[in-house]
Amino acid sequence: MIRRAEPSDLGAVLRIWLDANLDAHAFIPAEYWQGCRGLVQEMLPQAELYVHQDPAGWIDGFLGLEGNYVAGLFVRQDARSRGVGRELLDCAKAHRTQLSLSVYRKNERAAAFYQREGFVVLAAGVDANTGEPEYTMAWNRLG
């Protein structure tokens with residue numbers, strides 16, 4: 001089930017954010033993600049945030065939107081490859097006619113996922129915060 005996040009969800013969302021970043025972005029030092037935790041904790045309540053709950057009611061993924069920008073899509077490790085990310089992205093697509101996002105080039109699994117979901121690479125660049133190469137990708141309902 002997908003629903004808008006509530007203030008009481010933010011602890012679980014932040015744990016998923018940190019764990020998923022450490023797992024998916026092992027090419028970036030863990031200290032970077034741990035150092036960003038406070039800023040992310042401040043920013044989460046400002047985003048349009050959707051959470052996915054498993055059948056037992058536990059949050060196993062979330063998606064954050066800032067306008068048409070997908071600021072983050074993260075799924076708990078034990079819930080990956082079960083359609084959670086696709087459901088969250090479908091929710092965002094239902095609320096928008098176009099979406100954009102950035103994804104690290106080394107995160108090949110995520111880049112391939114977004115391409116399967118209809119996103120195309122618009123540009124290649126470098127993330128100013130980490131120095132890592134990234135893609136800017138976009139999706140448009142009209143194709």
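Refer to the structure printed above.
Residues numbered from 1 in each chain as written. Predicted model: local features only at pLDDT ≥ 70, side-chain atom pairs only at ≥ 80, totals over all residues. Heavy atoms only, no water.

**A short note on the environment of D9**
Part 1 of the argument: Relative to the elements of secondary structure, D9 occurs in the loop between β1 (2-4) and α1 (10-24).
Part 2 of the argument: A polar side-chain atom of D9 sits 2.7 Å from the main-chain amide nitrogen of E6. (Helix = DSSP H or I, 4+ residues; strand = E, 2+ residues; numbered from the N terminus. Polar contact = N/O pair within 3.5 Å; in protein donor to acceptor, adjacent residues only side chain to side chain.)

**Brief notes about the packing of α1 against helix α2 (residues 30-43)**
Part 1 of the argument: In the contact formed by α1 and α2, the axes pass within 10 Å of each other and the chain directions differ by 155 degrees. Of the possible angle classes, the one that applies to α1 and α2 is roughly antiparallel. Every pair of crossing elements has a handedness; the one defined by α1 and α2 is right-handed. The segment α1 lies against α2, with L14, W17, L18, N21 and L22 engaging A30, W33, Q34, C36, R37, V40 and Q41.
Part 2 of the argument: Split into classes, the residues belonging to the contact of α1 with α2 amount to eight nonpolar, three polar and one charged. (Axes fitted to C-alpha atoms, helices over the stretch in contact; angles between N-to-C directions. Parallel < 35°, antiparallel > 145°, perpendicular 65-115°, else oblique. Left-handed = near helix turned anticlockwise from the far one by under 90°. Contact = heavy atoms within 4.5 Å. Nonpolar A, V, L, I, M, F, W, Y, C, P; charged D, E, K, R; others polar.)

**Brief notes about the layout of surface pockets**
Part 1 of the argument: Of the pockets and cavities examined, the largest pocket occupies roughly 1400 Å³.
Part 2 of the argument: Looking at the largest pocket, it is lined by 46 residues, and the ones nearest its centre are H25, A71, G72, L73 and F74.
Part 3 of the argument: At the level of secondary structure, the elements contributing two or more residues to the lining of the largest pocket comprise α1, α2, β3 (59-66), β4 (69-75), α3 (84-95), β5 (98-104) and α4 (108-116).
Part 4 of the argument: At seven residues, β4 tops the list of elements feeding residues into the lining of the largest pocket.
Part 5 of the argument: Residues belonging to the lining of the largest pocket are distributed by class as follows: 27 nonpolar, ten polar and nine charged. (1 Å grid on protein atoms, 1.4 Å probe; cavity = no way out; pocket = protein on both sides within 12 Å on 5 of 7 lines; lining within 4 Å. Points joined across faces, edges and corners; volume = space filled by probe spheres on them.)

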